[in-house]
Amino acid sequence: MNSVHVRRIAGEDRMRIRFTYCHNDLGKARIFNLDRLQSEDLGTTLARLQANVIKYLAPKKRKKLKKLASNPASNMETIPQTDDINVALENEIPVKLHCNGKELESTLSNAEAWAEGHQLNIGQEGLTIELNPPCVTVLKLPESIMVGFPIYPKFTTEFAEKENCLFTWYTSDSVSNQEGTPSSSKDKLKEEWMEVHQGYSYSPQIEDLGCQIKVKCIPQNNSKDRQGEPTEAVSKRTVEAGPGSCPFEVRHLYTTNQCGPASFRVMSYNILADLYADSDFSRDQLYPYCPPYALNIDYRKQLLMKEIKGYNADIICLQECDTKVFKSDFSPALSLDGYEGLHRSKHGETPEGCSTFYRKSKFKYCLSTYTYR
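This report concerns the structure included in the present document. (Residues numbered from 1 in each chain as written. Predicted model: local features only at pLDDT ≥ 70, side-chain atom pairs only at ≥ 80, totals over all residues. Heavy atoms only, no water.)

### Looking at the overall build of the protein
Thinking step 1. Secondary structure summary: the protein contains nine helices and 17 strands in total.
Thinking step 2. Its C-alpha atoms give the protein a radius of gyration of 27 Å, more than 25% over the compact-globule value 21 Å for 373 residues.
Thinking step 3. Per-residue burial for the protein yields a buried fraction of 40% across its 373 residues.
Thinking step 4. Looking at the protein alone, contacts between residues at least 24 apart form 64% of all its contacts between residues at least 6 apart. (Helix = DSSP H or I, 4+ residues; strand = E, 2+ residues; numbered from the N terminus. Rg over C-alpha atoms; globule rule 2.2 N^0.38 Å. Buried < 20%, exposed > 50% of the residue type's maximum accessible area, 1.4 Å probe, protein only. Contact = heavy atoms within 4.5 Å.)

### With respect to helix H1 (residues 42–69)
Thinking step 1. Between the first and last C-alpha of H1 there are 39 Å, a value that for 28 residues agrees with the 40 Å anticipated at 1.5 Å per step.
Thinking step 2. Of all the positions in H1, only Leu42, Thr45, Leu46, Leu49, Gln50, Val53, Ile54, Tyr56, Leu57, Ala58 and Leu65 are classed as buried.
Thinking step 3. In this structure, the buried residues of H1 make contact with strand S2 (14–21), strand S3 (30–37), helix H2 (82–92), strand S4 (95–99), helix H3 (110–113) and strand S6 (119–122). (Expected span 1.5 Å × (residues − 1).)

### Description of the packing of aromatic side chains
Thinking step 1. Counted according to the given criterion, the structure contains eleven aromatic pairs.
Thinking step 2. Ring centres of Phe326 and Phe357 lie 5.5 Å apart, and the angle between their planes is 40 degrees; on these two criteria the pair is classed as tilted. Residue Phe326 is located in helix H9 (residues 323–335), and its partner Phe357 is located in strand S17 (residues 352–359); the two are separated by 31 residues in the primary sequence. Of the two residues, Phe326 and Phe357, both sit in the buried class. (Phe/Tyr/Trp six-rings, centres within 6.5 Å; stacked < 30°, edge-to-face > 60°.)

### Considering the pattern of salt bridges
Thinking step 1. In this structure the tally under the stated criterion is 19 salt bridges.
Thinking step 2. Across the pair Glu103 and Lys96 runs a salt bridge, and its minimum N-O distance is 3.5 Å.
Thinking step 3. The exposure class of Glu103 is partly exposed, given its relative accessible area of 42%.
Thinking step 4. Residue Lys96 is classed as partly exposed on the basis of its relative accessible area, which comes to 35%. (Salt bridge = Lys/Arg side-chain N within 4 Å of Asp/Glu carboxyl O.)

### Details of the nonpolar core
Thinking step 1. Grouped together as the largest cluster of nonpolar side chains are 43 residues, with contacts concentrated most on Phe167, Ile316 and Phe330.
Thinking step 2. For this core, the element with the most residues is helix H8 (residues 297–310), which contributes six residues.
Thinking step 3. Discounting chain neighbours no more than four positions away, the residues touching Phe330 are Ile271, Leu304, Met305, Ile308, Leu318, Cys321, Val325 and Phe357.
Thinking step 4. Core analysis: the second largest hydrophobic core is formed by 31 residues, Ile54, Val95, Ala113 and Trp114 among them. (Core = buried A, V, L, I, M, F, W, Y, C linked by side-chain atoms within 4.5 Å.)

### A closer look at the sheet that holds strand S16 (residues 339–345)
Thinking step 1. Read across the open sheet, the four strands follow the order S14-S15-S17-S16; overall the sheet is mixed. Sheet topology places strand S14 (266–270) and S16 at the edges, where each strand pairs with a single neighbour. Here the average twist between neighbouring strands, direction ignored, is 15 degrees.
Thinking step 2. Inspection of the sheet shows strand S15 (residues 315–322) paired to S17 by six bridges, in the antiparallel sense. Bridge pairing in S17 places Cys321 opposite Gly353.
Thinking step 3. Taken strand by strand, H8 contacts S14 and S15, and its axis lies near 165 degrees from that of S14.
Thinking step 4. Taken strand by strand, H9 contacts S15, S16 and S17, and its axis lies near 155 degrees from that of S15. (Pairing = 2+ DSSP bridges. Axes fitted to C-alpha atoms, helices over the stretch in contact; angles between N-to-C directions.)

### Focus on the state of the cysteines
Thinking step 1. Applying the stated rule across the entire model yields zero disulfides.
Thinking step 2. Cys165 provides the cysteine sulfur closest to Cys135, a residue in no disulfide bond, and the two sulfurs are 9.9 Å apart. (Disulfide = S-S within 2.5 Å.)

### Brief notes about a positive patch on the surface
Thinking step 1. Residues Lys28, Arg30, Arg48, Lys55, Lys60, Lys63 and Lys67 make up a contiguous surface patch of positive charge.
Thinking step 2. Among the elements that make up the positive patch, the one with the highest residue count is H1 (five residues).
Thinking step 3. Here Lys67 shows up in helix H1.
Thinking step 4. Classification of Lys67 by relative accessible area gives exposed; the value is 66%. (Patch = residues over 30% accessible without salt bridge, like charges linked within 9 Å, V, L, I, M, F, W, Y side chains within 5 Å. Areas by Shrake-Rupley, 256 points an atom, 1.4 Å probe, with all protein chains shown as cover. Lys, Arg positive; Asp, Glu negative; His and termini not counted. Charge placed at Lys NZ, Arg CZ, Asp CG, Glu CD.)

### Observations regarding the sheet that holds S6
Thinking step 1. In space, the seven strands of this open sheet follow the order S3-S2-S1-S7-S6-S4-S5, with mixed pairing throughout. On the outer flanks of this sheet lie S3 and strand S5 (102–103), each paired with one strand and no other.
Thinking step 2. Direction of pairing for strand S1 (residues 3–7) relative to strand S7 (residues 125–131): parallel, over a ladder of four bridges. Each bridged residue has a counterpart across the sheet, and for Val4 the counterpart in S7 is Ile129.
Thinking step 3. Sheet strands touched by H1: S2, S3, S4 and S6. Its angle to S3, the strand with the most contacts, is close to 150 degrees.

Following this line, the structure appears as structure tokens:
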């Protein structure tokens, strides 16, 4: 990126600075991150920033000089000491912050200096400051990924609207570096990615079996006129075969379409909270007939989501719904299909309870009350 991303919130003590820098003669680009006090003076922050850059470049500079000294044609007799290399880099790569071409005073506070449109100059490279750009703070894929079952990324953002984020999906293709040579355990493999889908969710196909999945998210703000830095996540495991034919697929034959405008469909489902399934007691005493992997919520929620959506209900009532599953999985996934959701934990404290989703095209939320028996 040709910019500096600065996260600075009024009222908070600290701020974050993130940028990419590449020295023309000393290797690949690298991302640098700094966490500083907003009250700290600009001079101190720029000195730390320069020190971090030099710490990264100095070993590369020394390695280059060492290689040069080993060349018989070179006139270099000795390799400069580390301190001399650091001083040379400090002189070669000054770090300054400018506003409209004028260098800012080093006594300014970070809160005053790091503003939208100001320019950070590192040596000959100028980077424009973007203040609080849209960003992805968390992006994860489920551990269990199966052919034919839709997967949804778990993600959180700042300064972005989740509904406006752009998602691109890829599958892996491991190939040998030696073209035309069959791969073996001794070959050094490289990962190649093929784009397969765009959108918030993706249903792995049979040809994805044994492949890894990658998703890329580009955050956008509410007006869609500002994008943030892309963030990627790769599945920890490869795509597996599904459980085969599921009983709910037969029931789906009767609910292939939504109800007409004069009627509505309601479904109710106790989905067994992870709180009651993820324990030795549940595995050994309550559900000994069920393999442990099938009790794992990461596995079950893939099946649950496909089943629930396949009923095309206008009102969805879920019991024993984990609060974290409601927030991170069901709510964002169902919202894309036009649902609004409400959740209430049991007695307000237990991390599971009842969730209700309604189709916004047919119903409007007015009031909710909670009664326990």
